[in-house]
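What follows is each chain in one-letter form.
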Amino acid sequence: MSKILTAALGSILATNIVFAADTHPNVHPHAAVVKQVIKSFDNPEGAIFSADGTHVFISNSAEIGDKGAGFSWTEGEGYISKMKVNNDGTLTMVNDKLITGISSPLGMAVLPVATGKFPAGTIFLCAGSAPIVDKDGKTITDRARMRTKLMAFNDDGKVLGEIDTGSNSVFEKITGSPIILINAMGFDSQGNLFVADTAFGGAQFDPPWDGAGGLWRIGHETIDELAAGKLPTNMPEFLGIPGNPDGVEVSPKDGSVYVNTVGPVAGAPDPANGGIYAISDMSKLPAPMDGNLGALDGLDFTHNGTMLNTQIRGDIPAKIYVTCDGVTSDLMLSPHTELSGPADLAIRQMDDGSYLVVVPELMARDATPGDDEVTVLALPQTFDNCM
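Description of the structure in this document. (Residues numbered from 1 in each chain as written. Predicted model: local features only at pLDDT ≥ 70, side-chain atom pairs only at ≥ 80, totals over all residues. Heavy atoms only, no water.)

With that out of the way, let us pick up the packing of aromatic side chains. Using the criterion set out here, one finds eight aromatic pairs in the structure. Arranged with centres 4.8 Å apart and planes meeting at 50 degrees, the rings of W216 and F238 form a pair that is tilted. Separated by 22 residues along the polypeptide, W216 in strand β14 (residues 214–218) and F238 in strand β15 (residues 237–240) bring together distant segments of the chain. Like F238, W216 is buried. What links up through ring pairs into an aromatic cluster is the set F118, F124 and F187. (Phe/Tyr/Trp six-rings, centres within 6.5 Å; stacked < 30°, edge-to-face > 60°. Helix = DSSP H or I, 4+ residues; strand = E, 2+ residues; numbered from the N terminus. Buried < 20%, exposed > 50% of the residue type's maximum accessible area, 1.4 Å probe, protein only.)

Next comes the structure, spelled out in structure tokens:
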């Protein structure tokens, strides 16, 4: 465990944490209607709406399945799918393989403020993460092949550039480790980028990396310099977070950066036991605002600031949590629908005030590519009313 993460863990353990409802027995008063289940993907992990809301992009992470000894993504086998949003809230496939040849494509975010290089609306993608194997299922141990990155592309699938976060990158120079599992990200309204490193997978390399689980802040003014391979004037900032942070998004309500933890999915130590942190200062980790939620993966907000988190720990039901006015409850699906590894969900408010939610289902260890599920949900106009 890195010194940075050890210090953060010690700080949290020293805090007397009491969660409002350890068992979270509540049910949100407004159920989600299941509009569509699309079985056309290969371990879909991330979803994102285009800036104008007309299309949805899905990252197909291509987990190796029964070819490998354990959970791993397949080098160079991932891809991005593009779907059209129809007037009735359903999705229609436009291009199932818009961009191909990507290693472990995961979370995505849309740039809200143009830089000199990237126009507003550019989609940024987390790619290249460990644990990773070659196409034959053999574990990759060569450090030079640890090539995590942020890849930028437009709605037509044209790749516009990338930021290196892998071996020998500026990020490794800061913490002693590259970003090992570059899992999710979110922009604030000024275009500053926040990236989560879940930090699983460093042990597979020779020599191994300890990994530094936490949150990165990349200033808007720094994006172009990093994409050009330059040492930036303002270096990225890092905040260690225990428990293997996974989902990250900026609240439209209070401007804080919310990060959840997934550690319990792999038996990793997590003082929050599947928790949520609200971060407003990159120099200090607060106590978790909630916890004992299982193993959290995706995190997103409605337009009015209601937070959704997905739960993927295998010994309790997969579900979506709703946090509204500080109270966390379960989201009911109508009709009842089983989710399999709900991951980085995306939410979009429609013209009538209702919401469309796209839930990729990672379906870990599934051996047959091309038939994994994305579930489309509709939330009513009243969804943000907590009572």
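Before going further, it helps to spend a moment on the pairing of strand β1 (residues 32–41). As paired strands, β1 and strand β23 (residues 333–334) are joined by two bridges and run parallel to one another. In the sheet register, A32 faces β23, and the bridge partner there is L333. Of the pairings in the sheet, the one linking β1 to strand β26 (residues 372–379) comprises seven bridges and is antiparallel in character. By the bridge assignment for β26, V37 is matched with T375. (Pairing = 2+ DSSP bridges.)

This brings us to a nonpolar patch on the surface. Residues I174, L231 and M235 make up a contiguous nonpolar surface patch of roughly 270 Å² in combined accessible area. Positionally, I174 belongs in helix α2 (residues 170–175). When its relative accessible area of 32% is taken as the criterion, I174 is described as partly exposed. (Patch = residues over 30% accessible without salt bridge, like charges linked within 9 Å, V, L, I, M, F, W, Y side chains within 5 Å. Areas by Shrake-Rupley, 256 points an atom, 1.4 Å probe, with all protein chains shown as cover. Salt bridge = Lys/Arg side-chain N within 4 Å of Asp/Glu carboxyl O.)

With that settled, the discussion passes to the environment of L239. Among the secondary structure elements, L239 is positioned in strand β15. If sequence neighbours within four positions are ignored, L239 has contacts with G213, G214, L215, I279, D281, M282, S283, K284 and L285. (Contact = heavy atoms within 4.5 Å.)

The bond known as a disulfide is covalent and runs between the sulfur atoms of two cysteines. Counted under the stated rule, the structure contains one disulfide. A sulfur-sulfur separation of 1.6 Å characterises the disulfide bridge that pairs C324 with C386. Between C324 and C386, the S-S torsion sits near -65 degrees, and that sign places the bridge as left-handed. Of this pair, C324 sits in strand β21 (residues 319–324) while C386 sits in the segment after β26, and the two are 62 residues apart along the sequence. We classify C324 as buried; its relative accessible area is 7%. (Disulfide = S-S within 2.5 Å.)

A few words on the nonpolar core. Judged by nonpolar contacts, the single largest core of 26 residues is most densely connected at F124, L150, F171, M185, V195, I218 and I223. Of all the elements in the fold, those that place two or more residues in this core are β8 (123–127), β10 (149–153), α2, β12 (182–187), β13 (193–197), β14 and α3 (223–227). In this structure, F124 is in contact with G107, M108, A109, L111, F118, L150, M151, A152, M185, F187 and I223, ignoring residues within four places of it in sequence. In this structure, V322, L331, L339 and F383 belong to the second largest nonpolar core, which totals 16 residues. (Core = buried A, V, L, I, M, F, W, Y, C linked by side-chain atoms within 4.5 Å.)

Adjacent strands of a sheet pair through backbone hydrogen bonds, lying either parallel or antiparallel. Strand order in this open sheet of four strands is β2-β3-β5-β6, and the pairing throughout is antiparallel. Strands with a single pairing partner mark the edges of an open sheet, and in this sheet they are β2 (44–49) and β6 (91–102). With direction set aside, neighbouring strand axes in the sheet form an average angle of 20 degrees. Judged from the six bridges that link them, strand β3 (residues 55–60) and strand β5 (residues 78–85) form a sheet pairing that is antiparallel. Each bridged residue has a counterpart across the sheet, and for N60 the counterpart in β5 is Y79. (Axes fitted to C-alpha atoms, helices over the stretch in contact; angles between N-to-C directions.)

With five of its five residues buried, β8 lies for the most part within the structure. Burial along β8 is two-sided: I123, L125 and A127 and F124 and C126, pointing in opposite directions, are all buried. Pairing geometry for strand β7 (residues 108–110) and β8, over three bridges, is antiparallel. Residue pairing in the sheet places A109 in a bridge with F124 of β8. Note: β8 against β10, five bridges, orientation antiparallel. Looking across to β10, one finds that L125 is bridged to M151.

Let's shift gears to unusual backbone geometry. A130 connects to P131 through a cis peptide bond whose omega is -5 degrees. Its place among the elements puts P131 in the loop between β8 and β9 (132–133). Here the residue pair D206 and P207 is connected by a cis peptide bond, since its omega of -5 degrees sits within 30 degrees of zero. Tracing the sequence through the fold places P207 in the loop between β13 and β14. Within the chain, N43 stands out as a residue other than glycine whose phi angle is a positive 50 degrees. Note on placement: N43 falls in the loop between β1 and β2. Looking at N43, the relative accessible area reads 0%, which means it is buried. Phi angles above zero are rare outside glycine, and N244 is one such case at about 60 degrees. Mapped onto the fold, N244 is located in the loop between β15 and β16 (245–250). Looking at N244, the relative accessible area reads 13%, which means it is buried.

This model, assessed by the stated rule, comprises nine salt bridges. Residue E373 is joined to K39 by a salt bridge in which the shortest nitrogen-to-oxygen separation is 3.7 Å. On the criterion of sequence distance, the pair formed by E373 in strand β26 and K39 in strand β1 is long-range, its members being 334 residues apart. With its nearest N and O atoms 2.6 Å apart, the salt bridge here joins R145 to E75. With R145 in the loop between β9 and β10 and E75 in the loop between β4 (73–74) and β5, the pair connects residues that are 70 residues apart, well separated along the chain. Of the residues examined, R145 reaches a relative accessible area of 36% and is grouped as partly exposed. E75 gets classed as partly exposed once you look at its relative accessible area, which sits at 27%.

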